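Now for the letters of each chain:
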Amino acid sequence: MVRETQVLNEVLFCQPDEPLLELTVSLDTDQLFWFNFSSSSWIRRVSKLPPGPPELEPPELVLKDAAFCQRLLFLLTNFTSELLAQAKAIPVAKIFPSQPVALDKPNTLVCLVENIFPPAVDIAWRVDNVPVTHGVTHTHYTPTGDVAFSRFSYLRVTLSAGTTYSCVATSYGFNSSTVAYWVAQETGDTETLWTALCGAAMALGIVLALMGITMMVLAWRSRTGG
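Residues numbered from 1 in each chain as written. Predicted model: local features only at pLDDT ≥ 70, side-chain atom pairs only at ≥ 80, totals over all residues. Heavy atoms only, no water.

1. Structural notes on the sheet that holds strand E2 (residues 21-27)
Piece 1. What the 4 strands build is an open sheet, ordered E1-E2-E3-E4; its pairing is antiparallel. Edge strands, defined here as strands with exactly one partner in the open sheet, are strand E1 (8-14) and strand E4 (41-44). Taken pair by pair, the neighbouring strands of this sheet meet at an average axis angle of 25°, ignoring direction.
Piece 2. In this sheet, E2 lies alongside E1 in antiparallel orientation, the contact comprising 7 bridges. The residue bridging Phe13 from the neighbouring strand is Glu22, located in E2.
Piece 3. Lying on the sheet, helix H1 (residues 59-80) is in contact with E1, E2, strand E3 (30-36) and E4; it crosses E1 at an angle near 50°. (Pairing = 2+ DSSP bridges. Helix = DSSP H or I, 4+ residues; strand = E, 2+ residues; numbered from the N terminus. Axes fitted to C-alpha atoms, helices over the stretch in contact; angles between N-to-C directions. Contact = heavy atoms within 4.5 Å.)

2. A short note on the environment of Asp128
Piece 1. Topologically, Asp128 is positioned in the loop between strand E7 (121-127) and strand E8 (130-132).
Piece 2. Residues Asp128 and Gly162, spaced 34 residues apart in sequence, show a C-alpha to C-alpha distance of 9.4 Å.

3. A few points about the side chain of Asn36
Piece 1. For Asn36, the location among the structural elements is in strand E3.
Piece 2. Among the polar contacts listed, one links the side chain of Asn36 to the backbone nitrogen of Ser38, at a separation of 2.9 Å.
Piece 3. Ignoring sequence-local partners within four residues, the contact set of Asn36 consists of Ser41 and Ile43. (Polar contact = N/O pair within 3.5 Å; in protein donor to acceptor, adjacent residues only side chain to side chain.)

So this is what it looks like as structure tokens:
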């Protein structure tokens, strides 16, 4: 049995755009912890995780690393601003529900924005092209294997048939945005549909079996002269 290799990442970045500083710990693409620089403390992404495992850096070391990162950014920016172009990527977004679709019942829509670089993207939600902020939460940036970042945004809603939900991802410094759309549709009772299909298939099988038996009987009679 071949076991898949999992990668634990601890990534600190600093930049001239918001967020100016960010530090996250992730397992593959799943974010585990992020560091709150305002309170100098680690925050769990999921409540089931331990509050602060000993493997995480103590806050005083994190603040020293952050200060060094900002000093290095200042020096490199002054030295290379006119020599090197800033690397940029166009984000890619998609929307999917976190639970099976059931109209007129609460659900959470997930917007996954990938191919982010630099990690400075504004994510906004619209419902039928009307901006919404209530029920919206975002994760911090998670590094990916292609030297880029991804980010999740969540919208808690009660799904309505025919309503168009859109997620708008805008990179700072770009004059365009990436938009993903999702429309809630009545899917019907899946279990009832499968039951009906299975019943129809069984009935068809019985009919075909009877036809086969009848043909065998007729063929046997024709050979025996009966």
